[in-house]
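Commentary on secondary and tertiary structure
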Amino acid sequence: MKILVKLGEIFGASRLIPIESVHVSGVSYKTLGEAPIDFLEALADADEKVSVEATLNPQSFDPEILAERLPKNLVEMQLKICEIFDRLGFQKSFTCTPYYIKRPSKGAHLAWAESSAVIYANSVLGAWTNREGGPSALAAAIIGKTPDCGIHKAENRKPKVAVEIGASLENEVDYGALGIFLGKILEDKIPLIKGLKNLSLEDLKQMGAALASAGMVNMFHYREGVEVKEELEKITVEPKDIKKTVAELTTTSTPKPDLVFVGCPHCSLREIKKIANAIGNRKVRSDIEFWICTSRPIKEKARAYVSKIEASGAKLLTDTCAVVTWTDKLGIKTIMTNSAKTAYYAPTLNKAETILAPLKECLKTALKE
Ligand code: F3S
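No experiment lies behind these values; they were computed from the predicted model shown. (Residues numbered from 1 in each chain as written. Predicted model: local features only at pLDDT ≥ 70, side-chain atom pairs only at ≥ 80, totals over all residues. Heavy atoms only, no water.)

1. Section: the overall build of the protein chain
The condition that has to hold: Going along the chain from the N terminus, every DSSP run of H or I of four or more residues is numbered as a helix, and every run of E of two or more is numbered as a strand. Computation of the radius of gyration draws on C-alpha atoms alone. For the globule rule, the value is 2.2 Å times the number of residues to the power 0.38. Buried, partly exposed and exposed residues are distinguished by accessible area as a fraction of the type maximum, computed with a 1.4 Å probe on protein chains only: under 20%, between the cut-offs, and over 50%, respectively. The contact criterion used is simple: two residues touch if any of their non-hydrogen atoms lie within 4.5 Å. Residues scored as charged are limited to Lys and Arg (positive) and Asp and Glu (negative), so that His and the chain ends carry no count. Here the site of a charge means NZ on Lys, CZ on Arg, CG on Asp, or CD on Glu.
Tallying secondary structure elements over the protein chain gives 14 helices and 14 strands in all. Rg of the C-alpha trace for the protein chain: 20 Å, near the compact-globule value of 21 Å for 369 residues, within the 12% margin. Considered along the principal axes of its C-alpha atoms, the protein chain spans approximately 60 × 55 × 35 Å. Per-residue burial for the protein chain yields a buried fraction of 58% across its 369 residues. When contacts within the protein chain are restricted to residue pairs at least 6 apart in sequence, long-range pairs at least 24 apart make up 80% of them. Between the centroid of the 50 positive side chains of the protein chain and the centroid of its 46 negative side chains there is a distance of 3 Å.

2. Examining the packing of helix 3 (residues 36-45) against helix 4 (residues 72-87)
Any two packed helices are characterised by how steeply their axes cross, that is the angle between the axes, and by the distance between the axes. Just so we agree on the cut-off: Simply put, an axis is a line fit to the C-alpha atoms, just over the touching stretch for a helix, and the angle between two N-to-C directions goes from 0 to 180 degrees. Helix crossings fall into two classes, left-handed where the near helix is turned counterclockwise from the far one by less than a right angle and right-handed where it is turned clockwise. Each residue gets one label: Ala, Val, Leu, Ile, Met, Phe, Trp, Tyr, Cys and Pro are nonpolar, Asp, Glu, Lys and Arg are charged, and the others, such as Gly, are polar.
Where helix 3 meets helix 4, the closest approach of the two axes is 9 Å, and the angle between their N-to-C directions is 35°. Both helix 3 and helix 4 take part in a crossing whose hand is left-handed. Two secondary-structure elements touch here, helix 3 through I37, L40, E41, A44 and D45 and helix 4 through M77, K80, I81, I84, F85 and R87. Residue classes in the contact of helix 3 with helix 4 are distributed as seven nonpolar, no polar and four charged.

3. As for the nonpolar core
Among soluble globular proteins, nonpolar side chains are generally buried collectively. Under the convention used in this document: Put simply, buried Ala, Val, Leu, Ile, Met, Phe, Trp, Tyr and Cys residues joined by side-chain atoms within 4.5 Å make one nonpolar core.
Ranked by size, the top nonpolar core spans 70 residues in total, and within it L178, L182, L196, F220 and F290 carry the most contacts. Every residue in contact with L178, bar those within four places of it in the chain, is listed here: I165, L169, L196, M207, V237 and I242. Within the second largest apolar cluster, 54 residues are counted, among which are V50, F61, C82 and A111.

4. Quick word on the sheet that holds strand 11 (residues 289-294)
Within a beta sheet, neighbouring strands are joined by backbone hydrogen bonds and run either parallel or antiparallel to one another. Test applied: Pairing between strands is defined by DSSP: at least two bridges between them are needed.
Taken in spatial order, the five strands of this open sheet run 12-11-10-13-14, and their pairing is parallel. Here the strands that pair on one side only, and so sit at the sheet edges, are strand 12 (315-318) and strand 14 (353-356). Across the sheet, the mean angle separating the axes of adjacent strands is 25° when strand polarity is ignored. Sheet topology places strand 10 (residues 259-262) next to strand 13 (residues 334-337); three bridges connect them, and they run parallel. Bridge pairing in strand 13 places F261 opposite T337. Sitting on the sheet, helix 13 (residues 340-349) touches strand 10, strand 13 and strand 14, and the angle it makes with strand 14 is about 165°.

Dropping the structure here:
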């Protein structure tokens with residue numbers, strides 16, 4: 001309660017409001033580190049429990065696929081963290097796309113902490129959430145409330161910048177690159193993006209995840225008919241901006257990556273179906289690993305496609321992703337991905353070189369002809 005009240009005071013809230021759900025990030029031992037474990041443990045020892053629906057971001061490995069390849073001490077620490085979250089009453093969701101498991105209600109207030117999920121919830125699903133930090137989301141899960149500030153208030157959800165898209169966006173990589181390009185310019189300003197045509201929900205997911213990575217943007221408007229009363233600052237995105245951003249997110253000229261990774265943010269059922277069908281009867285090359293990441297419930301639902309994917313030699317991982325696991329300890333030095341967010345983070349978080357390319361090219365690289 002002290003954490004929530006203090007944050008409310010800092011950000012000018014006059015009250016706490018009830019929330020429908022909480023999503024906590026900082027679950028992977030790799031990103032969480034040592035320091036918060038005692039705090040989490042103290043809460044669990046004090047018998048604290050979550051009071052609302054509460055889900056968790058990916059942890060650092062898939063227990064069935066990666067655990068045995070990682071150093072034992074890291075696996076043990078991760079299991080300890082998961083066990084503490086379990087005692088606190090969190091669902092063992094371990095996904096960054098909790099909205100594929102349960103879609104939040106339209107207009108519901110949430111306290112979510114995964115930036116790609118926050119921006120998707122606000123912009124696409126019509127829920128209302130600030131980008132929480134680990135401790136504030138944890139506190140909100142226990143109390144069931146969050147400070148009434150930021151984009152919990154209608155006046156703070158209005159667009160501040162009008163973005164005209166003067167480039168044709170061909171695939172998920174272009175949408176991700178648009179997100180990275182805009183995120184760097186916008187910082188935390190909410191854009192009204194005009195001229196997005198024929199895009200899928202997954203394209204919006206890629207764009208949002210990238211926007212929230214390169215900037216502090218927690219919401220964007222993209223539908224027709226958004227009411228704008230004040231004069232907005234204007235930005236036009238040109239084809240060269242997208243091209244340059246895609247090129248910059250590839251840091252190596254090596255044609256052969258050690259890992260091809262798809263599923264950042266975690267795949268939807270539709271994406272898994274698309275990947276399985278695109279793989280067909282082809283097999284993964286013996287000198288390349290191919291990971292597809294999703295949540296456990298989506299993998300369950302996708303059973304018919306999972307067997308097809310696994311027959312190719314690709315691995316359908318749950319509970320984790322390439323960014324939050326220790327790829328360097330698995331001997332992975334180069335990662336090819338169709339996710340601009342992964343390409344943006346991998347050089348620092350994975351100490352890896354990157355190749356950003358659309359799914360079609362990722363498959364062409366990973367599979368034998
Ligand atoms: Fe999710 Fe990992 Fe990407 S947590 S958003 S798949 S970096």
